[in-house]
Amino acid sequence: MSDNGHLTIEVKTAGDGTAMATINGKVYRLLAGYKFRTTDEWFLLAVAGRTPLKADDLAEHWQVVRSGPVTLAFAQRPFSYHLLQGEDSEPPTGCDWPPFKRPPYWYAFVGPTPEAVEAQVRLALEQYRPDLAADAVLRSAVHAPDQAGLGPDALLVRV
């Protein structure tokens, strides 16, 4: 983790066009990566490499899931749906989400296709904010491009 608690990643393109990410001196193939444009902070990574990516390699409050050579890592705050219910809402039982003093500015939605990302937004709104018009929310969503250049844009929604 960097000294200031923020995640620092250097992304370069290899000679064959593969996106490579260097995290704390460890090199990984970047399968997907998303960050907020306004703050330049990463919120989701999918990497592959010989050295396992661990939560200790990242900033505070990141969740890491590994399956074979692929690791999925995500910042917990933008994916914490329970905060849509209000500041005093509690995370699901057995969940180790960090406590917050205020809800996040954005909610991040990521998927394998643009249609899957849009479906996630619609389902979350249906469950947590049925008072909002999904089409209006989707029109106002900010697109975050995949830094690996392989996947669809993530949608960042302000609710």
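What comes next concerns the included structure. (Residues numbered from 1 in each chain as written. Predicted model: local features only at pLDDT ≥ 70, side-chain atom pairs only at ≥ 80, totals over all residues. Heavy atoms only, no water.)

### With respect to the pattern of salt bridges
Line of reasoning, step 1. Per the counting criterion, the structure on display carries six salt bridges.
Line of reasoning, step 2. As a salt-bridge pair, K26 and D57 come within 3.0 Å of each other at their nearest N and O atoms. On the criterion of sequence distance, the pair formed by K26 in strand β3 (residues 26-35) and D57 in the loop between β4 (42-48) and β5 (62-67) is long-range, its members being 31 residues apart.
Line of reasoning, step 3. Put simply, R129 and D131 hold a salt bridge, and the shortest N to O gap is 2.8 Å.
Line of reasoning, step 4. On the accessibility criterion, D131 (55% relative accessible area) is exposed. (Salt bridge = Lys/Arg side-chain N within 4 Å of Asp/Glu carboxyl O. Helix = DSSP H or I, 4+ residues; strand = E, 2+ residues; numbered from the N terminus. Buried < 20%, exposed > 50% of the residue type's maximum accessible area, 1.4 Å probe, protein only.)

### Here's the deal with the side chain of T71
Line of reasoning, step 1. With respect to the helices and strands, T71 occurs in strand β6 (residues 70-75).
Line of reasoning, step 2. For T71, a relative accessible area of 1% corresponds to the buried category.
Line of reasoning, step 3. Among the polar contacts listed, one links the side chain of T71 to the side chain of R66, at a separation of 3.1 Å.
Line of reasoning, step 4. Setting aside chain neighbours within four positions, we find T71 in contact with L45, A46, V47, L53, V64, V65 and R66. (Polar contact = N/O pair within 3.5 Å; in protein donor to acceptor, adjacent residues only side chain to side chain. Contact = heavy atoms within 4.5 Å.)

### Describing the packing of aromatic side chains
Line of reasoning, step 1. If you walk through the whole model with that rule in mind, you get two aromatic pairs.
Line of reasoning, step 2. Here the aromatic rings of Y34 and F43 are separated by 6.1 Å at their centres, their planes lie at 25 degrees, and the arrangement is stacked.
Line of reasoning, step 3. Their ring planes at 40 degrees and their centres at 4.7 Å tell us that F36 and F43 sit as a pair that is tilted.
Line of reasoning, step 4. Assessed through its relative accessible area of 0%, F43 is described here as buried.
Line of reasoning, step 5. Chaining the aromatic ring pairs together yields one cluster made of Y34, F36 and F43. (Phe/Tyr/Trp six-rings, centres within 6.5 Å; stacked < 30°, edge-to-face > 60°.)

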